[in-house]
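# Coordinate inspection notes
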Amino acid sequence: QVQLVESGGGLVQPGGSLRLSCAASGTFISINVMGWYRQAPGKQRELVATITSGGSTNYADSVKGRFTISNDNARNTVALQMNSLKPEDTAVYFCNADALGRSISYQYIRNYWGQGTQVTVSS
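Anyway, here's the lowdown on the structure attached to this text. (Residues numbered from 1 in each chain as written. Predicted model: local features only at pLDDT ≥ 70, side-chain atom pairs only at ≥ 80, totals over all residues. Heavy atoms only, no water.)

## As for the nonpolar core
Stated formally: As used in this record, nonpolar core signifies buried Ala, Val, Leu, Ile, Met, Phe, Trp, Tyr and Cys residues forming a set joined through side-chain atoms within 4.5 Å. Summary of the burial criterion: residues with accessible area below 20% of their type's maximum are buried, those above 50% are exposed, and those between are partly exposed, where the area comes from a 1.4 Å probe applied to protein chains only. Numbering of helices and strands runs from the N terminus; a helix is a DSSP stretch of H or I covering at least four residues, while a strand is a stretch of E covering at least two.
Counting residues in each nonpolar core, the largest one holds 32 residues, and the members touching the most others are L4, M34, W36, L80, M82 and Y93. At the level of elements, β1 (2-7), β3 (18-26), β4 (30-39), β5 (46-52), β7 (67-72), β8 (77-82), β9 (91-102) and β11 (117-121) are the ones that each hand at least two residues to this core. Here this core takes five residues from β9, the largest share from any one element.

Structure follows, in structure tokens:
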């Protein structure tokens, strides 16, 4: 079992900044990819940014230049620094991870989601 816990969400004015963090805990061998997704009311969940264990990043076009994703493999955490926030960034942000687990007989990879944290950008 792997648990992802997000923190750092809240209310911020347009142009402001927030830093989200996510910590993975539980039983796993390694985490290959961690990322952030978001879902606004009435819209589908969309990718915001991902980062591999090797540090390769991927960003949605809508957040490039404003958001920065980073990770700490030793602590199994990922962070999302969000600058120049816009009202359209308002959404529930979810942490996501692909983790390799191990039973007594075999290894397996599974995808996990955090509970989500609300980010509201409004004046």
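## A closer look at the pairing of β3
How we decide: Two strands make a pair as long as DSSP finds a minimum of two bridges between them.
Here β1 runs beside β3; their pairing, made up of six bridges, is antiparallel. When the sheet's bridge partners are listed, V5 is paired in β3 with A23.

## Points about the state of the cysteines
Applicable threshold: In this description, the term disulfide denotes a pair of cysteine sulfurs within 2.5 Å.
Tallied over the entire structure, the rule returns one disulfide. There is a disulfide in this structure between C22 and C95, and the S-S distance comes to 2.0 Å. Negative torsions about the S-S bond denote left-handed disulfides, and the value of about -85° found for C22 with C95 makes this one left-handed. With C22 in strand β3 and C95 in strand β9, this residue pair connects regions lying 73 residues apart in the sequence. The exposure class of C95 is buried, given its relative accessible area of 0%.

From the geometry alone we can't say anything about function, so treat these as descriptive.
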